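Residues per chain, in single letters:
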Amino acid sequence: GLESTITTEVVHEDIHVTLHPVQKKAYQQMEQDALMWLDENPLEAQLPITQRIRLRQATLGELDIETGPDGEDTVTFKRKGKSAKYDALKSLLGDLIGEKVLVLTDSAKFAMEVADRLAEEKVGWALPWTGASSKQERDYMLREFSDGELRYLVATQASIGEGVDGLQNRCHIMV
């Protein structure tokens, strides 16, 4: 008889990236002084937990401070800023032509930035799945990712933990 070519073996590969100089500088400033400079704006971490959050964010991409309509400042990712992790992802996806890929991150803001950049740079259609995604949006994304043209689903781990039964049958690559 014919033997099955389906394998249950998990292939795990670590991909190490070197931070862009601007990311490395921000990371080192925050690590040493609990303070980093974003252009001319100081970003201070007064608590150790805040410092760890800022360090993790700095490894994802170049940070920025955005002033909202209420006048409050929010830390965000610089639009199309330097990101060694995004560059490595884009390179990897270039090697996976035709594959559907689930991309995970712990940052909703970074998920949105990655999905936007993948689509804008014509890498492939991508949508962000975050805690802010409505039930209708999630249903649409699952349908399009499972049976449609959506190639990349960029999700936060916290938001995609439930309600995605069968996703493992539609995608076998997770980054």
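Remember, predicted model here, so these are calculated numbers, not experimental data. (Residues numbered from 1 in each chain as written. Predicted model: local features only at pLDDT ≥ 70, side-chain atom pairs only at ≥ 80, totals over all residues. Heavy atoms only, no water.)

### Quick word on the overall build of the protein chain
The condition is simple: Numbering of helices and strands runs from the N terminus; a helix is a DSSP stretch of H or I covering at least four residues, while a strand is a stretch of E covering at least two. Residue exposure (1.4 Å probe, protein chains only): buried if accessible area is under 20% of the type maximum, exposed if over 50%, otherwise partly exposed. For this analysis, residues touch if any pair of their heavy atoms sits within 4.5 Å. Residue-level accessible areas treat just the shown protein chains as cover; the underlying method is Shrake-Rupley with a 1.4 Å probe. Only four residue types enter the tally: Lys and Arg on the positive side, Asp and Glu on the negative side, with His and both chain ends excluded. For charged residues, the charge sits on one atom: NZ in Lys, CZ in Arg, CG in Asp, CD in Glu.
For the protein chain, the helix and strand inventory stands at 5 helices and 8 strands. In sequence order, the secondary structure elements of the protein chain are arranged as α-β-β-α-β-β-α-β-α-β-α-β-β. The principal-axis extent of the C-alpha atoms belonging to the protein chain is close to 65 × 35 × 30 Å. Taken over 175 residues, the protein chain has a buried fraction of 38%. Partitioning the intrachain contacts of the protein chain with sequence separation of at least 6 by distance along the chain shows that 63% fall at a separation of at least 24. If you sum the accessible surface of the protein chain, you get close to 11,300 Å²; carbon and sulfur atoms cover 50% of it. Separation between the mean location of the 20 positive side-chain charges and that of the 30 negative ones in the protein chain comes to 2 Å.

### Some words on helix α1 (residues 21-33)
Cut-off, in case you're wondering: Given a helix with a known number of residues, its expected span is that number minus one, times 1.5 Å. The arc in question is formed by the directions pointing from the helix axis toward the C-beta atoms.
Compared with an ideal rise of 1.5 Å per residue, which puts 13 residues at 18 Å, α1 spans 18 Å between its outermost C-alpha atoms and is within 8% of the ideal. Looking only at α1, the buried set comprises Gln23, Ala26, Gln29 and Met30. What you see down the axis of α1 is that its buried residues fit within an arc of 135°, all on one side. Away from the buried face of α1 by more than 90 degrees, exposed residues Pro21, Lys25 and Gln32 are located. Structurally, α1 contributes buried residues whose contacts are with β1 (35-38), β2 (41-44), α2 (48-60) and α3 (84-95). At the exit of α1 stands alanine 34, carrying a positive phi of roughly 55°.

### A closer look at the layout of surface pockets
What counts, and what does not: Cavity means a closed set of points on a 1 Å grid over the protein atoms alone, one where a 1.4 Å probe fits but cannot get out, pocket means an open set with protein on both sides within 12 Å along at least 5 of 7 lines, and lining means a residue has an atom within 4 Å of a point. Grid points are joined across faces, edges and corners, and a volume is the space filled by probe spheres set on the points. Just so you know the grouping, Ala, Val, Leu, Ile, Met, Phe, Trp, Tyr, Cys and Pro go in nonpolar, Asp, Glu, Lys and Arg go in charged, and all remaining residues, Gly too, go in polar.
Taken as a whole, the largest pocket encloses approximately 1,400 Å³ of empty space. In terms of lining, the largest pocket is formed by 35 residues, of which the most central are Glu13, Leu102, Ile173, Met174 and Val175. Within the residue set of the lining of the largest pocket, elements represented by two or more residues are α2, α3, β5 (101-105), α4 (108-120) and β8 (173-174). With 5 residues, α3 is the single largest residue contributor to the lining of the largest pocket. Grouping the amino acids of the lining of the largest pocket by side-chain chemistry returns 23 nonpolar, 6 polar and 6 charged. The volume enclosed by the second largest pocket comes to roughly 170 Å³. Taken together, 14 residues make up the lining of the second largest pocket; nearest its centre are Val22, Ala26, Trp37, Leu38 and Asp39. Mapped by element, the contributors of at least two residues to the lining of the second largest pocket are α1 and β1. Sort the elements by how many residues they give to the lining of the second largest pocket and α1 lands first, with 5 residues. A breakdown of the residues in the lining of the second largest pocket according to their chemical character gives 7 nonpolar, 3 polar and 4 charged.

### Notes on the sheet that holds strand β7 (residues 152-156)
In any sheet, the strands associate via hydrogen bonds between backbone groups, in a parallel or an antiparallel arrangement. This is how it is decided: Paired strands, in this sense, are two strands between which DSSP finds at least two bridges.
Spatially, the 4 strands line up as an open sheet ordered β6-β7-β5-β8, and their pairing is parallel. A strand with exactly one partner marks an edge of an open sheet, and here the two such strands are β6 (126-129) and β8. Bridging between β5 and β8 involves 2 bridges; their strand directions are parallel. Bridging across to β8, valine 101 finds its partner in isoleucine 173.

### Let's talk about the nonpolar core
Under the convention used in this document: Side-chain atoms within 4.5 Å link the members of a nonpolar core, which is a set of buried Ala, Val, Leu, Ile, Met, Phe, Trp, Tyr and Cys residues.
Counting 30 residues, the largest nonpolar core has Met36, Leu93, Val101, Val114, Leu118, Tyr152 and Val154 as the members making the most contacts within it. Among the elements that line this core, the one with the most residues is α4, at 5 residues. Setting aside its immediate chain neighbours within four residues, leucine 93 contacts Val101, Leu118, Val123 and Tyr152. Of all hydrophobic cores here, the second largest spans 12 residues; its members include Leu127, Ala155, Ile160 and Leu167.

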